[in-house]
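Report on the structure
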Number of protein chains: 2
Amino acid sequence: MNKSVPAIAALLAGAMYSQTSPRSGRPAIETPVNALRSPEVNADRTVTLRFRAPGATAVDVAGEVMMGKGPQHMTKDADGLWTATVGPLAPGIWSYNFRVQGIDIPDPSNPSIKPVPPGLPITSFVEVPGESPAFYDAQRVPHGEVRIVTYESKAMGVTRFLWIYTPPGYDRSSARFPVLYLLHGNGETQDGWVANGRANFILDNLIAEGKARPMVIVMPQGHALQAAGVAPLVRIAGETTMYSERFPKDLLEDVIPLVEKNYRAIPDADHRAIAGLSMGGGQALAIGLAHQDLFHYVLGYSAAISAQFMDADEVFRSALANPVAINKNLRLLWLSCGKQDFLYDANRRFAESLQDKGVKVTLRETEGAHVWSVWRNNLHESAALLFR
Amino acid sequence: MNKSVPAIAALLAGAMYSQTSPRSGRPAIETPVNALRSPEVNADRTVTLRFRAPGATAVDVAGEVMMGKGPQHMTKDADGLWTATVGPLAPGIWSYNFRVQGIDIPDPSNPSIKPVPPGLPITSFVEVPGESPAFYDAQRVPHGEVRIVTYESKAMGVTRFLWIYTPPGYDRSSARFPVLYLLHGNGETQDGWVANGRANFILDNLIAEGKARPMVIVMPQGHALQAAGVAPLVRIAGETTMYSERFPKDLLEDVIPLVEKNYRAIPDADHRAIAGLSMGGGQALAIGLAHQDLFHYVLGYSAAISAQFMDADEVFRSALANPVAINKNLRLLWLSCGKQDFLYDANRRFAESLQDKGVKVTLRETEGAHVWSVWRNNLHESAALLFR
């Protein structure tokens, strides 16, 4: 098959060209290889951002890249190109927006954006690499697959999506695997843990090192949203709250049975974990503690359990009435939160209230705010503890 | 598993709420269920677009939603909310941007954006439904899966992504399937044919109706780009043309062997098709006609074969020197183009030059410009002709 490849490759190189080629004699059209470069990560881990906007009179940079500082002004050159250099930033993933006349917009040159549900603004991301491949980078190890699965949700009455990670070698194996149900945050959809979180590469790397047991990861859609295409999602009529009552029903009655029917899952509580971040952390703790017969591993990362999000006393009353049962049933109850997170106090107090009742709970306090760099670390650290 | 679901669902409904709940007494934070609604498709197939920008002095709507007309001014209310209603639009997928001070930005309330490679601006999409489910909608039929596959490209020396559609029931079957290699356009990446094109649902529906043979669809990345996360892609140093000479090498030496090793493909030319749109159409025709021993179905949709993109005489000289061989080798050679497409004349002339040499070629002329609604139709129509 390969002997004619050099010929066609050379042919393409010689005879096919972009619209900016001098051969064409036509006006240049931007192509991915010659268009504006933004963001550009520099060797010192500063990040240069560029934005072509001759008509704008002021443009700022805002977001996580400012590391808690206010917006930074960008500088305009004679051609209308706005530039700013921010940082240096720690290795990781950081959000930013351009602010034009008070309007936050994503960087139009940057395809890396946070996938969001309908109604939330689009944010750009920049990845700042460290000195060596990170635990979340695609390394030269066997890779699992991520499958986009379409299903009819009886609980919601609509077509929905799941993203499912299968570990390396899944297709060639006949083994059954434990399953982690991994829930996204309020501002995201079912693709968040892969697109932003790199859950697939985190597990590929842990498995290659022998630090995590090969597992399936199921990433459901945590809002009451209906599938349209793959990314776009349509709100289900009548939904008015962040924590939809339809989600636990969808997870328990549709998603888990589908997974255990169609994938080689080990269908018992010792081999089911439920974890999530922010809204998904609140869901994981609420559903997990109410269903200790289904999940023996329950984890909340920066869980949205503070008073503006839920009445935690009411949500957890039934579970906490029997702390001995929690210790008997669960193999791991884990809460983590960054000390700069706005949810830190709520998580610390919840952990302490559990400990006061004699419940065995891990409270993992880390550095960091309510950001993806923290949650990648949380998954990396806690996935190694599952199903052992 | 299910008997405690109503309890937890009711608990969540009662005790977990969004930040806009009057119970919280805290400032409202936008959540997906109460934030700005844009786009809104009305019953008459007009589309209302909304944009909150109190500081802006003029905002226009531009893009395919204007159906060839110039930008339309939006109207601002006392709260700084800009609104415009465009259309009515034909059922299908249409792009748009908001233009603020000459800057085109995506609709920040709309998660449906065209996935783009680095350096191209982000565009919003709106889906306008027809009176009944379309051939590209998720219908209540068995669904295939779309798999995100990570691989090391020896041809490019980097980690890359493929998206692969497997037909309904693939996992439970032991059959082998024909394979369609389906290439995206210049302004897109490997996810374009699913996210914008709905190739998965188009095939699900055709297969359910018995109109297409169950097949695997392989969607490679057609630029010389390296994987970072799943969506973001990093340009490979030194690449300066739209048609990278590295792509045919990657496809032929890395992708096809990987597919035929890891998936149940029928590994012969009668069961390989290559098709693509725009840039991908040019690639499909160039690679397919140069490798008639590998592909017996060769299709270009709105192929970028005009003078500003390639020297077609040179690219196709060798294949056209032997028109009898083309007729003997290929089971289908298909060119399609919308009559309002800027590439229409080039495609029509190329088809006529083939016909002048006695080559059997289908020239499918349709209504429409260089837009996704045309390419969904092209795939729907031509997938039914493959592997028969």
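Just so it is clear, the structure is predicted and the values come from calculations on it, not from any experiment.

This next bit is on the overall build of chain A. When helices and strands are counted, chain A shows nine helices and 19 strands. Expressed as a percentage of its 388 residues, the buried residues of chain A come to 62%. The long-range fraction of contacts in chain A, counting pairs at least 24 apart against all pairs at least 6 apart in sequence, stands at 71%. Here chain A displays about 13800 Å² of accessible surface, and carbon together with sulfur accounts for 51% of that area.

With that settled, consider the pattern of salt bridges. In total, this model carries 36 salt bridges over all chains according to the counting rule given. The residue A:Glu40 makes a salt bridge to A:Arg50 at a minimum N-O spacing of 2.9 Å. A residue pair is termed long-range when its members are at least 10 positions apart, and A:Glu40 in strand β1 (residues 40–41) and A:Arg50 in strand β2 (residues 47–52) qualify at 10 residues. Residue classification places A:Glu40 among the partly exposed positions, given a relative accessible area of 23%. Here the salt bridges do not stand alone but share partners, grouping A:Glu145, A:Arg147, A:Asp171, B:Glu145, B:Arg147 and B:Asp171 into one network.

Residues and elements named next belong to chain A. Of the residues in chain A, 85% reach a pLDDT of 70 or more, and the chain-wide mean stands at 86. Between residues 10–14, whose pLDDT stays under 50, and residues either more than four places distant or in other chains, the model counts eight contacts. Note on residues 17–30: pLDDT is under 50 here. Beyond four places in sequence and across chains, it has 36 contacts. On the interface metric, ipTM, the complex scores 0.88, and its pTM is 0.90.

Residues and elements named next belong to chain A. Of all five residues making up strand β17 (residues 297–301), five are buried, and the element is well covered by its neighbours. Residues Tyr-297, Leu-299 and Tyr-301 of β17 are buried on one face, and the alternating residues Val-298 and Gly-300, pointing to the opposite face, are buried as well. Traced from strand β16 (residues 272–277) through helix α5 (residues 279–290) to β17, the parallel crossover comes out right-handed. In this sheet, strand β18 (residues 332–338) lies alongside β17 in parallel orientation, the contact comprising five bridges. What sits directly across from Val-298, in β18, is Leu-333.

Quick notes on the rules
- Residues numbered from 1 in each chain as written.
- Chains lettered and ligands numbered in written order.
- Predicted model: local features only at pLDDT ≥ 70, side-chain atom pairs only at ≥ 80, totals over all residues.
- Heavy atoms only, no water.
- Helix = DSSP H or I, 4+ residues; strand = E, 2+ residues; numbered from the N terminus.
- Buried < 20%, exposed > 50% of the residue type's maximum accessible area, 1.4 Å probe, protein only.
- Contact = heavy atoms within 4.5 Å.
- Areas by Shrake-Rupley, 256 points an atom, 1.4 Å probe, with all protein chains shown as cover.
- Salt bridge = Lys/Arg side-chain N within 4 Å of Asp/Glu carboxyl O.
- pLDDT = per-residue confidence, 0-100.
- Right-handed = clockwise from strand over helix to strand, strands pointing away.
- Pairing = 2+ DSSP bridges.

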